[in-house]
Amino acid sequence: MGSQPPDRSDLYRDHVSKHDEVRAGAKFGAWIDGETHTTDDTVAVYDPVIDEQMLTVPDCTATEVDAAVTAAWDAFDRTWESTVPRDRSSLLFEWADTLEDHLEELTLLECLDCGKPISQAQGEIEGAIDTLEYYASVCRAQRGSEAPAATDLHLYMKHEPYGVVGQIVPWNYPLWAAAWKLGPALAAGNACVLKPSSETPLSTIRAAQLSADIFPDGVLNVITGSGSTAGQSLAEHDDVRKVSFTGSTDVGSGVMQAAADRVAPVTLELGGKSPFIVFPDADLDKVVDAVADGIFYSTGEICDALSRALVHESIVDEFTERFVEKAESYVLGDPLDEATTMGPLTSEDQFRTVTDYIETGREEATLLCGGGRPDDPALADGWYVEPTVFGDVSNDMTIAQEEIFGPVQTINTFADYDEAISLANDTKYGLAAGIGTERTSRVHQTADDLDAGLVYVNEYGPILPEAPYGGFKQSGFGKDLGLEALDHYRRTKSVYVNLDDPSL
Ligand code: NDP
(Lines give C-alpha, C1' and ligand atoms only; values in the text may rest on other atoms or scores of the structure.)
Protein backbone atom coordinates (compact mmCIF):
# COMPACT_ATOMS: atom_id res chain seq x y z
CA MET A 1 0.00 0.00 0.00
CA GLY A 2 1.36 3.40 -0.87
CA SER A 3 1.21 6.64 1.08
CA GLN A 4 -1.45 9.15 0.16
CA PRO A 5 -0.15 12.10 -1.82
CA PRO A 6 -2.51 15.08 -1.55
CA ASP A 7 -3.37 15.15 -5.24
CA ARG A 8 -5.01 11.72 -5.18
CA SER A 9 -6.99 12.20 -2.02
CA ASP A 10 -10.35 12.63 -3.73
CA LEU A 11 -10.02 9.35 -5.60
CA TYR A 12 -8.62 7.62 -2.52
CA ARG A 13 -11.30 8.94 -0.15
CA ASP A 14 -14.03 8.11 -2.61
CA HIS A 15 -12.87 4.49 -2.91
CA VAL A 16 -12.38 4.05 0.82
CA SER A 17 -15.91 5.31 1.42
CA LYS A 18 -17.20 2.86 -1.21
CA HIS A 19 -15.41 0.08 0.67
CA ASP A 20 -17.30 1.10 3.82
CA GLU A 21 -20.53 0.97 1.81
CA VAL A 22 -19.67 -2.54 0.55
CA ARG A 23 -18.82 -3.81 4.05
CA ALA A 24 -22.02 -2.32 5.48
CA GLY A 25 -24.15 -3.80 2.70
CA ALA A 26 -23.44 -7.50 3.13
CA LYS A 27 -21.36 -10.05 4.98
CA PHE A 28 -19.08 -11.74 2.46
CA GLY A 29 -18.41 -15.42 3.12
CA ALA A 30 -18.68 -18.76 1.47
CA TRP A 31 -22.29 -19.68 0.63
CA ILE A 32 -23.00 -23.23 1.74
CA ASP A 33 -26.43 -24.81 2.12
CA GLY A 34 -28.18 -21.45 1.94
CA GLU A 35 -26.06 -19.76 4.62
CA THR A 36 -23.02 -17.53 4.86
CA HIS A 37 -20.08 -19.51 6.18
CA THR A 38 -16.91 -18.07 7.74
CA THR A 39 -13.51 -19.58 8.61
CA ASP A 40 -10.68 -18.49 10.89
CA ASP A 41 -8.27 -18.23 8.00
CA THR A 42 -9.12 -15.62 5.43
CA VAL A 43 -7.96 -14.22 2.09
CA ALA A 44 -7.73 -10.45 1.55
CA VAL A 45 -9.63 -8.86 -1.32
CA TYR A 46 -7.99 -5.73 -2.74
CA ASP A 47 -9.17 -2.72 -4.71
CA PRO A 48 -6.60 -2.51 -7.56
CA VAL A 49 -7.19 1.22 -8.09
CA ILE A 50 -5.72 2.24 -4.73
CA ASP A 51 -4.13 -1.07 -3.67
CA GLU A 52 -6.13 -1.11 -0.43
CA GLN A 53 -7.69 -4.13 1.19
CA MET A 54 -11.48 -3.91 0.94
CA LEU A 55 -12.34 -6.91 3.07
CA THR A 56 -11.51 -10.56 3.61
CA VAL A 57 -13.30 -13.76 2.62
CA PRO A 58 -12.91 -17.28 4.05
CA ASP A 59 -9.91 -19.29 2.93
CA CYS A 60 -11.85 -22.52 2.45
CA THR A 61 -10.14 -25.89 2.59
CA ALA A 62 -11.16 -29.43 1.75
CA THR A 63 -13.44 -29.35 4.83
CA GLU A 64 -15.66 -26.58 3.47
CA VAL A 65 -15.55 -28.04 -0.04
CA ASP A 66 -16.76 -31.33 1.37
CA ALA A 67 -19.54 -29.59 3.32
CA ALA A 68 -20.67 -27.81 0.15
CA VAL A 69 -20.61 -31.00 -1.94
CA THR A 70 -22.58 -32.85 0.77
CA ALA A 71 -25.12 -30.02 0.97
CA ALA A 72 -25.45 -30.06 -2.80
CA TRP A 73 -26.11 -33.83 -2.89
CA ASP A 74 -28.64 -33.53 -0.06
CA ALA A 75 -30.47 -30.79 -1.94
CA PHE A 76 -30.33 -32.78 -5.16
CA ASP A 77 -31.69 -35.95 -3.55
CA ARG A 78 -34.24 -34.16 -1.38
CA THR A 79 -35.87 -31.84 -3.92
CA TRP A 80 -33.91 -30.72 -6.92
CA GLU A 81 -33.83 -34.02 -8.77
CA SER A 82 -37.62 -34.17 -8.79
CA THR A 83 -38.11 -30.69 -10.26
CA VAL A 84 -39.23 -30.40 -13.86
CA PRO A 85 -37.85 -27.87 -16.34
CA ARG A 86 -40.83 -25.56 -15.83
CA ASP A 87 -39.99 -25.30 -12.10
CA ARG A 88 -36.32 -24.63 -12.74
CA SER A 89 -37.11 -22.12 -15.48
CA SER A 90 -39.29 -20.02 -13.22
CA LEU A 91 -36.68 -20.08 -10.41
CA LEU A 92 -33.93 -19.01 -12.83
CA PHE A 93 -36.14 -16.15 -14.05
CA GLU A 94 -36.81 -15.15 -10.45
CA TRP A 95 -33.10 -15.13 -9.66
CA ALA A 96 -32.34 -13.09 -12.81
CA ASP A 97 -35.05 -10.58 -11.82
CA THR A 98 -33.59 -10.30 -8.32
CA LEU A 99 -30.11 -9.67 -9.72
CA GLU A 100 -31.61 -7.03 -12.01
CA ASP A 101 -33.09 -5.33 -8.93
CA HIS A 102 -29.55 -5.24 -7.50
CA LEU A 103 -27.82 -4.20 -10.73
CA GLU A 104 -26.26 -1.08 -9.27
CA GLU A 105 -24.90 -2.91 -6.20
CA LEU A 106 -23.44 -5.77 -8.25
CA THR A 107 -21.94 -3.33 -10.75
CA LEU A 108 -20.21 -1.44 -7.95
CA LEU A 109 -18.78 -4.67 -6.53
CA GLU A 110 -17.44 -5.75 -9.93
CA CYS A 111 -16.03 -2.31 -10.60
CA LEU A 112 -14.19 -2.07 -7.25
CA ASP A 113 -13.01 -5.68 -7.22
CA CYS A 114 -11.69 -5.89 -10.80
CA GLY A 115 -10.94 -2.23 -11.52
CA LYS A 116 -13.19 -2.38 -14.59
CA PRO A 117 -14.61 0.88 -15.95
CA ILE A 118 -18.13 1.13 -14.57
CA SER A 119 -19.83 0.92 -17.98
CA GLN A 120 -17.96 -2.35 -18.71
CA ALA A 121 -18.76 -3.70 -15.25
CA GLN A 122 -22.45 -2.92 -15.76
CA GLY A 123 -22.42 -4.46 -19.24
CA GLU A 124 -20.98 -7.68 -17.81
CA ILE A 125 -23.52 -7.86 -14.96
CA GLU A 126 -26.26 -7.32 -17.55
CA GLY A 127 -24.61 -10.06 -19.62
CA ALA A 128 -24.78 -12.38 -16.61
CA ILE A 129 -28.49 -11.63 -16.13
CA ASP A 130 -29.15 -12.10 -19.85
CA THR A 131 -27.35 -15.45 -19.72
CA LEU A 132 -29.52 -16.64 -16.83
CA GLU A 133 -32.64 -15.50 -18.69
CA TYR A 134 -31.49 -17.38 -21.79
CA TYR A 135 -31.11 -20.63 -19.82
CA ALA A 136 -34.41 -19.97 -18.02
CA SER A 137 -35.98 -19.80 -21.50
CA VAL A 138 -34.34 -22.79 -23.15
CA CYS A 139 -34.81 -24.83 -19.98
CA ARG A 140 -38.42 -25.53 -20.92
CA ALA A 141 -37.48 -26.61 -24.44
CA GLN A 142 -35.58 -29.63 -23.13
CA ARG A 143 -36.93 -32.86 -24.59
CA GLY A 144 -35.87 -36.41 -25.12
CA SER A 145 -36.20 -38.32 -28.39
CA GLU A 146 -37.43 -41.60 -29.74
CA ALA A 147 -36.02 -43.94 -32.42
CA PRO A 148 -38.33 -46.16 -34.52
CA ALA A 149 -35.75 -48.96 -34.51
CA ALA A 150 -38.05 -52.03 -34.43
CA THR A 151 -41.78 -52.72 -34.41
CA ASP A 152 -41.73 -54.58 -31.07
CA LEU A 153 -39.68 -51.95 -29.30
CA HIS A 154 -40.19 -48.52 -27.81
CA LEU A 155 -36.71 -47.04 -27.81
CA TYR A 156 -36.38 -43.60 -26.28
CA MET A 157 -33.59 -41.35 -25.12
CA LYS A 158 -33.84 -39.12 -22.08
CA HIS A 159 -31.51 -36.56 -20.53
CA GLU A 160 -30.57 -36.53 -16.88
CA PRO A 161 -28.43 -34.18 -14.79
CA TYR A 162 -25.13 -35.40 -13.38
CA GLY A 163 -26.16 -34.60 -9.80
CA VAL A 164 -23.49 -32.35 -8.30
CA VAL A 165 -21.12 -30.41 -10.56
CA GLY A 166 -18.00 -28.38 -9.66
CA GLN A 167 -17.24 -25.09 -11.39
CA ILE A 168 -14.11 -22.95 -11.19
CA VAL A 169 -14.07 -19.45 -12.67
CA PRO A 170 -11.37 -16.78 -13.07
CA TRP A 171 -10.95 -13.23 -11.89
CA ASN A 172 -11.33 -11.32 -15.14
CA TYR A 173 -15.14 -11.33 -15.70
CA PRO A 174 -16.34 -12.89 -12.46
CA LEU A 175 -20.13 -12.87 -12.35
CA TRP A 176 -20.54 -13.17 -16.11
CA ALA A 177 -18.29 -16.26 -16.11
CA ALA A 178 -20.20 -17.69 -13.14
CA ALA A 179 -23.52 -17.21 -14.97
CA TRP A 180 -22.11 -18.99 -18.06
CA LYS A 181 -21.65 -22.05 -15.87
CA LEU A 182 -24.51 -21.81 -13.33
CA GLY A 183 -27.22 -21.04 -15.91
CA PRO A 184 -26.93 -24.24 -17.97
CA ALA A 185 -26.02 -26.44 -14.99
CA LEU A 186 -29.09 -25.40 -12.98
CA ALA A 187 -31.36 -25.51 -16.04
CA ALA A 188 -30.24 -29.08 -16.67
CA GLY A 189 -31.13 -29.98 -13.07
CA ASN A 190 -27.73 -30.14 -11.36
CA ALA A 191 -26.80 -28.79 -7.94
CA CYS A 192 -23.67 -26.63 -8.11
CA VAL A 193 -20.52 -25.91 -6.11
CA LEU A 194 -18.76 -22.94 -7.69
CA LYS A 195 -15.37 -21.45 -6.81
CA PRO A 196 -14.74 -17.85 -7.89
CA SER A 197 -11.18 -16.57 -7.98
CA SER A 198 -9.88 -15.40 -4.61
CA GLU A 199 -8.88 -12.18 -6.43
CA THR A 200 -12.46 -11.17 -7.30
CA PRO A 201 -15.11 -13.16 -5.42
CA LEU A 202 -17.48 -10.39 -4.30
CA SER A 203 -20.12 -10.18 -7.04
CA THR A 204 -20.49 -13.97 -7.13
CA ILE A 205 -20.89 -14.26 -3.37
CA ARG A 206 -23.50 -11.51 -3.39
CA ALA A 207 -25.38 -13.05 -6.33
CA ALA A 208 -25.47 -16.38 -4.46
CA GLN A 209 -26.83 -14.65 -1.35
CA LEU A 210 -29.52 -13.11 -3.54
CA SER A 211 -30.61 -16.62 -4.55
CA ALA A 212 -31.68 -17.38 -0.94
CA ASP A 213 -35.40 -18.14 -0.77
CA ILE A 214 -35.39 -18.80 -4.52
CA PHE A 215 -33.44 -22.05 -4.92
CA PRO A 216 -33.75 -24.72 -2.23
CA ASP A 217 -30.84 -24.52 0.23
CA GLY A 218 -27.81 -26.41 -1.06
CA VAL A 219 -28.67 -26.18 -4.77
CA LEU A 220 -26.22 -23.32 -5.33
CA ASN A 221 -23.03 -23.17 -3.22
CA VAL A 222 -20.05 -20.83 -3.50
CA ILE A 223 -16.67 -21.76 -2.03
CA THR A 224 -14.13 -18.98 -1.54
CA GLY A 225 -10.39 -19.33 -1.05
CA SER A 226 -7.29 -20.10 -3.02
CA GLY A 227 -7.18 -22.13 -6.18
CA SER A 228 -4.43 -24.41 -4.97
CA THR A 229 -6.46 -25.46 -1.91
CA ALA A 230 -10.20 -24.87 -2.43
CA GLY A 231 -10.06 -25.18 -6.22
CA GLN A 232 -7.90 -28.30 -6.18
CA SER A 233 -10.13 -29.94 -3.52
CA LEU A 234 -13.18 -29.29 -5.66
CA ALA A 235 -11.54 -30.68 -8.80
CA GLU A 236 -10.43 -33.78 -6.88
CA HIS A 237 -13.64 -34.42 -4.92
CA ASP A 238 -14.92 -37.96 -5.52
CA ASP A 239 -18.56 -36.89 -5.40
CA VAL A 240 -18.27 -34.12 -7.98
CA ARG A 241 -19.55 -35.76 -11.15
CA LYS A 242 -18.51 -33.12 -13.66
CA VAL A 243 -16.06 -30.21 -13.60
CA SER A 244 -16.17 -27.04 -15.68
CA PHE A 245 -13.13 -24.75 -15.52
CA THR A 246 -12.15 -21.38 -16.98
CA GLY A 247 -8.62 -20.10 -16.48
CA SER A 248 -5.06 -20.74 -17.56
CA THR A 249 -4.02 -23.70 -19.69
CA ASP A 250 -1.60 -25.00 -17.05
CA VAL A 251 -4.16 -25.09 -14.25
CA GLY A 252 -6.84 -26.41 -16.62
CA SER A 253 -4.60 -29.31 -17.53
CA GLY A 254 -4.16 -30.09 -13.80
CA VAL A 255 -7.93 -29.95 -13.27
CA MET A 256 -8.36 -32.39 -16.13
CA GLN A 257 -5.84 -34.77 -14.56
CA ALA A 258 -7.58 -34.57 -11.18
CA ALA A 259 -10.93 -35.38 -12.78
CA ALA A 260 -9.39 -38.17 -14.87
CA ASP A 261 -8.63 -40.19 -11.73
CA ARG A 262 -12.35 -40.78 -11.23
CA VAL A 263 -13.26 -40.50 -14.95
CA ALA A 264 -15.33 -37.35 -14.44
CA PRO A 265 -15.95 -35.30 -17.60
CA VAL A 266 -14.50 -31.79 -17.83
CA THR A 267 -15.11 -28.68 -19.86
CA LEU A 268 -12.10 -26.39 -20.22
CA GLU A 269 -12.14 -22.78 -21.36
CA LEU A 270 -8.48 -21.74 -21.35
CA GLY A 271 -6.13 -19.13 -22.66
CA GLY A 272 -5.60 -17.64 -26.09
CA LYS A 273 -3.28 -15.66 -28.35
CA SER A 274 -5.83 -14.63 -30.90
CA PRO A 275 -5.07 -12.96 -34.23
CA PHE A 276 -6.94 -10.21 -36.07
CA ILE A 277 -6.23 -10.36 -39.82
CA VAL A 278 -6.58 -6.99 -41.54
CA PHE A 279 -6.92 -7.54 -45.29
CA PRO A 280 -5.95 -4.79 -47.77
CA ASP A 281 -9.59 -3.99 -48.57
CA ALA A 282 -10.53 -3.51 -44.88
CA ASP A 283 -12.43 -0.38 -43.92
CA LEU A 284 -9.95 1.06 -41.47
CA ASP A 285 -12.55 3.44 -40.03
CA LYS A 286 -14.19 0.48 -38.34
CA VAL A 287 -11.38 -2.08 -38.21
CA VAL A 288 -8.95 0.09 -36.22
CA ASP A 289 -11.65 0.43 -33.55
CA ALA A 290 -12.40 -3.29 -33.69
CA VAL A 291 -8.75 -4.26 -33.20
CA ALA A 292 -8.44 -1.74 -30.36
CA ASP A 293 -11.57 -3.07 -28.63
CA GLY A 294 -10.20 -6.55 -29.16
CA ILE A 295 -7.08 -5.90 -27.12
CA PHE A 296 -7.92 -2.99 -24.82
CA TYR A 297 -11.37 -4.07 -23.58
CA SER A 298 -11.07 -5.03 -19.91
CA THR A 299 -7.43 -3.81 -19.97
CA GLY A 300 -6.62 -6.83 -22.15
CA GLU A 301 -7.53 -9.23 -19.33
CA ILE A 302 -9.85 -11.34 -21.40
CA CYS A 303 -9.21 -14.79 -22.80
CA ASP A 304 -10.38 -13.99 -26.33
CA ALA A 305 -8.29 -10.78 -26.56
CA LEU A 306 -7.28 -10.23 -30.18
CA SER A 307 -3.67 -9.62 -29.23
CA ARG A 308 -1.94 -10.18 -32.58
CA ALA A 309 -2.77 -7.74 -35.40
CA LEU A 310 -1.74 -9.33 -38.72
CA VAL A 311 -1.88 -6.52 -41.26
CA HIS A 312 -1.36 -6.67 -45.03
CA GLU A 313 1.96 -5.06 -45.90
CA SER A 314 0.33 -2.57 -48.31
CA ILE A 315 -1.66 -0.89 -45.53
CA VAL A 316 0.47 -1.49 -42.46
CA ASP A 317 1.82 2.07 -42.27
CA GLU A 318 -1.60 3.67 -42.36
CA PHE A 319 -3.04 1.05 -39.99
CA THR A 320 -0.20 1.49 -37.50
CA GLU A 321 -0.45 5.27 -37.46
CA ARG A 322 -4.19 5.14 -36.87
CA PHE A 323 -3.95 2.32 -34.33
CA VAL A 324 -1.32 4.08 -32.21
CA GLU A 325 -3.46 7.24 -32.25
CA LYS A 326 -6.42 5.16 -31.08
CA ALA A 327 -4.36 3.45 -28.34
CA GLU A 328 -3.23 6.83 -27.05
CA SER A 329 -6.82 8.06 -26.90
CA TYR A 330 -7.83 5.71 -24.06
CA VAL A 331 -8.61 7.50 -20.82
CA LEU A 332 -6.94 5.79 -17.87
CA GLY A 333 -8.57 6.79 -14.62
CA ASP A 334 -10.92 5.98 -11.80
CA PRO A 335 -13.20 3.14 -12.98
CA LEU A 336 -16.05 4.76 -11.03
CA ASP A 337 -15.78 7.77 -13.36
CA GLU A 338 -17.94 7.37 -16.50
CA ALA A 339 -15.23 9.11 -18.57
CA THR A 340 -12.67 6.38 -17.86
CA THR A 341 -12.20 3.91 -20.71
CA MET A 342 -9.40 1.83 -19.21
CA GLY A 343 -8.91 0.74 -15.61
CA PRO A 344 -5.92 -0.86 -13.88
CA LEU A 345 -4.92 -4.51 -14.11
CA THR A 346 -6.75 -6.54 -11.50
CA SER A 347 -3.84 -7.46 -9.24
CA GLU A 348 -0.22 -6.78 -8.45
CA ASP A 349 0.68 -10.26 -9.76
CA GLN A 350 -0.92 -9.50 -13.09
CA PHE A 351 0.83 -6.11 -13.20
CA ARG A 352 4.21 -7.83 -12.68
CA THR A 353 3.42 -10.41 -15.38
CA VAL A 354 2.37 -7.80 -17.93
CA THR A 355 5.26 -5.42 -17.25
CA ASP A 356 7.74 -8.31 -17.52
CA TYR A 357 6.32 -9.11 -20.96
CA ILE A 358 6.61 -5.44 -21.93
CA GLU A 359 10.31 -5.55 -21.00
CA THR A 360 10.71 -8.67 -23.16
CA GLY A 361 8.91 -6.84 -25.97
CA ARG A 362 11.31 -3.90 -25.74
CA GLU A 363 14.18 -6.33 -26.38
CA GLU A 364 12.44 -8.25 -29.16
CA ALA A 365 10.52 -5.65 -31.15
CA THR A 366 9.90 -1.90 -31.58
CA LEU A 367 7.84 -0.13 -28.92
CA LEU A 368 5.43 2.21 -30.72
CA CYS A 369 3.51 3.60 -27.75
CA GLY A 370 2.82 3.06 -24.08
CA GLY A 371 5.00 0.61 -22.21
CA GLY A 372 4.85 2.24 -18.80
CA ARG A 373 2.62 3.46 -16.01
CA PRO A 374 0.54 6.60 -16.62
CA ASP A 375 1.99 9.92 -15.38
CA ASP A 376 -1.12 10.92 -13.43
CA PRO A 377 -0.06 10.93 -9.72
CA ALA A 378 -3.65 10.10 -8.72
CA LEU A 379 -3.15 6.68 -10.30
CA ALA A 380 0.28 6.00 -8.81
CA ASP A 381 -0.84 3.28 -6.39
CA GLY A 382 -3.11 1.48 -8.87
CA TRP A 383 -1.94 -1.34 -11.13
CA TYR A 384 -2.24 0.77 -14.29
CA VAL A 385 -0.35 0.08 -17.50
CA GLU A 386 -0.61 2.31 -20.56
CA PRO A 387 -2.07 0.85 -23.77
CA THR A 388 1.05 -0.58 -25.40
CA VAL A 389 1.77 -1.34 -29.06
CA PHE A 390 4.77 -3.16 -30.54
CA GLY A 391 5.72 -3.06 -34.24
CA ASP A 392 8.27 -5.09 -36.22
CA VAL A 393 6.99 -8.24 -34.58
CA SER A 394 7.59 -11.71 -35.95
CA ASN A 395 5.61 -14.77 -34.96
CA ASP A 396 8.47 -16.56 -33.23
CA MET A 397 8.87 -13.82 -30.61
CA THR A 398 7.78 -14.44 -27.03
CA ILE A 399 5.33 -11.52 -27.15
CA ALA A 400 3.69 -13.05 -30.24
CA GLN A 401 3.35 -16.54 -28.78
CA GLU A 402 2.63 -16.21 -25.06
CA GLU A 403 -0.61 -14.97 -23.53
CA ILE A 404 0.18 -11.60 -21.91
CA PHE A 405 -3.32 -10.89 -20.56
CA GLY A 406 -2.82 -7.15 -20.55
CA PRO A 407 -3.22 -4.13 -22.88
CA VAL A 408 -0.37 -5.09 -25.21
CA GLN A 409 -0.88 -5.33 -28.98
CA THR A 410 1.65 -6.68 -31.49
CA ILE A 411 1.61 -5.74 -35.18
CA ASN A 412 2.94 -8.17 -37.74
CA THR A 413 2.62 -8.10 -41.56
CA PHE A 414 1.70 -10.60 -44.25
CA ALA A 415 2.14 -10.59 -48.01
CA ASP A 416 -0.63 -12.90 -49.22
CA TYR A 417 -3.64 -14.91 -48.04
CA ASP A 418 -1.74 -18.14 -47.35
CA GLU A 419 0.79 -16.34 -45.20
CA ALA A 420 -2.02 -14.62 -43.24
CA ILE A 421 -3.67 -17.95 -42.43
CA SER A 422 -0.39 -19.62 -41.64
CA LEU A 423 0.61 -16.84 -39.19
CA ALA A 424 -2.87 -16.75 -37.64
CA ASN A 425 -2.86 -20.48 -36.94
CA ASP A 426 0.78 -20.63 -35.83
CA THR A 427 0.01 -20.74 -32.09
CA LYS A 428 -0.72 -23.47 -29.57
CA TYR A 429 -4.02 -21.74 -28.84
CA GLY A 430 -7.21 -21.58 -30.88
CA LEU A 431 -9.75 -19.53 -28.99
CA ALA A 432 -10.72 -16.60 -31.19
CA ALA A 433 -9.80 -14.68 -34.32
CA GLY A 434 -10.83 -11.47 -36.07
CA ILE A 435 -11.13 -10.63 -39.74
CA GLY A 436 -11.18 -7.14 -41.28
CA THR A 437 -12.44 -7.12 -44.87
CA GLU A 438 -15.28 -5.75 -47.00
CA ARG A 439 -15.53 -8.90 -49.16
CA THR A 440 -18.15 -11.41 -48.04
CA SER A 441 -16.55 -14.29 -49.94
CA ARG A 442 -13.26 -13.65 -48.15
CA VAL A 443 -15.05 -13.67 -44.80
CA HIS A 444 -16.39 -17.18 -45.32
CA GLN A 445 -13.16 -18.60 -46.73
CA THR A 446 -11.11 -17.12 -43.91
CA ALA A 447 -13.55 -18.22 -41.20
CA ASP A 448 -13.26 -21.76 -42.61
CA ASP A 449 -9.45 -21.68 -42.63
CA LEU A 450 -8.95 -20.27 -39.13
CA ASP A 451 -8.28 -22.83 -36.41
CA ALA A 452 -10.29 -21.03 -33.74
CA GLY A 453 -13.59 -21.51 -31.94
CA LEU A 454 -14.85 -17.93 -32.40
CA VAL A 455 -14.51 -15.60 -35.36
CA TYR A 456 -15.36 -11.89 -35.21
CA VAL A 457 -15.76 -10.01 -38.49
CA ASN A 458 -15.10 -6.26 -38.65
CA GLU A 459 -15.78 -5.95 -34.92
CA TYR A 460 -14.88 -7.40 -31.55
CA GLY A 461 -17.73 -9.12 -29.71
CA PRO A 462 -20.48 -9.14 -28.75
CA ILE A 463 -20.67 -12.38 -26.76
CA LEU A 464 -24.25 -13.60 -26.70
CA PRO A 465 -25.66 -16.58 -24.79
CA GLU A 466 -27.19 -18.05 -27.96
CA ALA A 467 -23.74 -18.91 -29.39
CA PRO A 468 -21.43 -21.56 -27.90
CA TYR A 469 -18.17 -20.04 -26.63
CA GLY A 470 -14.91 -21.96 -26.38
CA GLY A 471 -11.72 -22.78 -28.18
CA PHE A 472 -9.70 -25.35 -30.05
CA LYS A 473 -6.23 -26.80 -29.38
CA GLN A 474 -4.78 -25.67 -26.03
CA SER A 475 -7.61 -23.16 -25.59
CA GLY A 476 -9.69 -26.04 -24.29
CA PHE A 477 -12.67 -28.11 -25.29
CA GLY A 478 -16.34 -28.28 -24.62
CA LYS A 479 -18.29 -25.05 -24.70
CA ASP A 480 -19.74 -22.46 -22.40
CA LEU A 481 -22.98 -20.81 -23.58
CA GLY A 482 -25.45 -21.91 -26.23
CA LEU A 483 -27.43 -25.12 -26.22
CA GLU A 484 -24.10 -26.98 -26.24
CA ALA A 485 -23.40 -25.90 -22.65
CA LEU A 486 -26.77 -27.29 -21.59
CA ASP A 487 -25.79 -30.58 -23.22
CA HIS A 488 -22.51 -30.61 -21.30
CA TYR A 489 -24.47 -30.68 -18.05
CA ARG A 490 -26.73 -33.59 -19.08
CA ARG A 491 -26.20 -37.30 -19.49
CA THR A 492 -28.18 -39.21 -22.09
CA LYS A 493 -29.87 -42.47 -21.20
CA SER A 494 -31.28 -44.87 -23.85
CA VAL A 495 -34.27 -46.91 -22.69
CA TYR A 496 -35.28 -50.11 -24.56
CA VAL A 497 -38.88 -51.12 -23.80
CA ASN A 498 -39.88 -54.44 -25.28
CA LEU A 499 -43.46 -54.34 -26.60
CA ASP A 500 -45.39 -57.57 -26.16
CA ASP A 501 -47.69 -58.81 -28.86
CA PRO A 502 -50.76 -56.59 -28.32
CA SER A 503 -53.23 -59.35 -29.42
CA LEU A 504 -55.67 -60.43 -26.67
P1 NDP B 1 -5.57 -19.62 -12.94
O2 NDP B 1 -5.77 -20.60 -14.00
O3 NDP B 1 -4.58 -19.90 -11.86
O4 NDP B 1 -6.96 -19.30 -12.19
C5 NDP B 1 -8.25 -19.58 -12.69
C6 NDP B 1 -9.12 -20.18 -11.59
O7 NDP B 1 -8.57 -21.43 -11.16
C8 NDP B 1 -9.19 -19.32 -10.32
O9 NDP B 1 -10.45 -19.48 -9.69
C10 NDP B 1 -8.11 -19.95 -9.46
O11 NDP B 1 -8.29 -19.67 -8.09
C12 NDP B 1 -8.31 -21.42 -9.77
N13 NDP B 1 -7.17 -22.27 -9.51
C14 NDP B 1 -5.86 -21.94 -9.39
N15 NDP B 1 -5.12 -23.04 -9.13
C16 NDP B 1 -5.96 -24.09 -9.09
C17 NDP B 1 -5.80 -25.48 -8.89
N18 NDP B 1 -4.60 -26.02 -8.65
N19 NDP B 1 -6.89 -26.28 -8.93
C20 NDP B 1 -8.10 -25.77 -9.17
N21 NDP B 1 -8.33 -24.44 -9.37
C22 NDP B 1 -7.27 -23.61 -9.34
O23 NDP B 1 -5.21 -18.28 -13.61
P24 NDP B 1 -4.35 -17.10 -12.96
O25 NDP B 1 -5.27 -16.35 -12.12
O26 NDP B 1 -3.11 -17.57 -12.30
O27 NDP B 1 -3.91 -16.33 -14.26
C28 NDP B 1 -2.73 -16.77 -14.94
C29 NDP B 1 -2.90 -16.62 -16.42
O30 NDP B 1 -3.94 -17.48 -16.87
C31 NDP B 1 -3.34 -15.24 -16.89
O32 NDP B 1 -2.26 -14.38 -16.96
C33 NDP B 1 -3.92 -15.58 -18.20
O34 NDP B 1 -2.90 -15.73 -19.13
C35 NDP B 1 -4.61 -16.91 -17.96
N36 NDP B 1 -6.04 -16.79 -17.64
C37 NDP B 1 -6.97 -17.07 -18.58
C38 NDP B 1 -8.30 -16.89 -18.30
C39 NDP B 1 -9.36 -17.16 -19.28
O40 NDP B 1 -10.42 -16.51 -19.21
N41 NDP B 1 -9.21 -18.13 -20.17
C42 NDP B 1 -8.76 -16.40 -17.02
C43 NDP B 1 -7.69 -16.19 -16.05
C44 NDP B 1 -6.40 -16.38 -16.40
P45 NDP B 1 -7.50 -18.45 -7.40
O46 NDP B 1 -7.55 -17.31 -8.36
O47 NDP B 1 -8.29 -18.22 -6.18
O48 NDP B 1 -6.13 -18.94 -7.14
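The written sequence of each chain sets the order in which its residues are numbered from 1. With the structure being a predicted model, the display of local features is reserved for residues of pLDDT at least 70 and the display and counting of side-chain atom pairs for 80 or more, all residues being used for whole-chain, interface and lining totals. Only hydrogens and water are set aside; all other atoms, that is, all heavy atoms of the structure, feed into the side-chain values.

**What about the pairing of strand 18 (residues 432-436)?**
- The buried label goes to any residue with under 20% of its type's maximum accessible area, the exposed label to any with over 50%, and the partly exposed label to all in between, with areas taken from a 1.4 Å probe on protein chains only. Counting from the N terminus, the helices are the DSSP runs of H or I reaching at least four residues and the strands are the DSSP runs of E reaching at least two. With respect to burial, strand 18 is a largely interior element, five of its five residues being buried.
- Going residue by residue along strand 18, you find Ala432, Gly434 and Gly436 tucked away on one face and Ala433 and Ile435 tucked away on the opposite face as well.
- Any two strands with at least two DSSP-identified bridges between them are counted as paired. Taken together, the three bridges between strand 12 (residues 275-278) and strand 18 define a ladder with parallel strand orientation. Its bridge partner being in strand 18, Val278 is matched across the sheet by Gly436.
- Considered for its hand, the β-α-β crossover made up of strand 18, helix 15 (residues 440-449) and strand 19 (residues 454-457) is right-handed. Handedness of a crossover: with both strands directed away from the viewer, a clockwise path from the first strand across the helix to the second marks it as right-handed.

**Some details on the domain arrangement of the protein chain**
- An automatic or database domain assignment provides the domain bounds reported here. Looking at the assigned domains, one finds that the protein chain contains domain 1 (11-270 + 479-490) and domain 2 (275-464).
- By the convention used here, residues are in contact when the closest approach between their heavy atoms is within 4.5 Å. Facing the 31 residues of domain 1 at the interface are 30 residues of domain 2.
- For domain 1, the biggest contributors to the area lost against domain 2 are Pro48, Gln120 and Trp171; these three give 20% of the whole.
- Each reported salt bridge corresponds to a side-chain nitrogen of Lys or Arg within 4 Å of a carboxyl oxygen of Asp or Glu. The tally of links from domain 1 across to domain 2 stands at zero salt bridges. Defined here as a combined quantity, buried area equals the accessible surface (1.4 Å probe) lost by two parts on assembly, summed across both.

**Overview of the sheet that holds strand 12**
- One open sheet accounts for seven strands, arranged 14-15-16-13-12-18-19; its pairing is mixed. Looking at strand neighbours, the two that pair on one side only are strand 14 (366-369) and strand 19, the edges of this open sheet. Each adjacent strand pair in this sheet contributes to an overall mean axis angle of 25 degrees, direction not counted.
- When strand 12 meets strand 13 (residues 308-312), the two strands line up parallel, connected through four bridges. Lines fitted to C-alpha atoms define the axes, with helix axes restricted to the stretch in contact, and inter-axis angles between N-to-C directions lie between 0 and 180 degrees.

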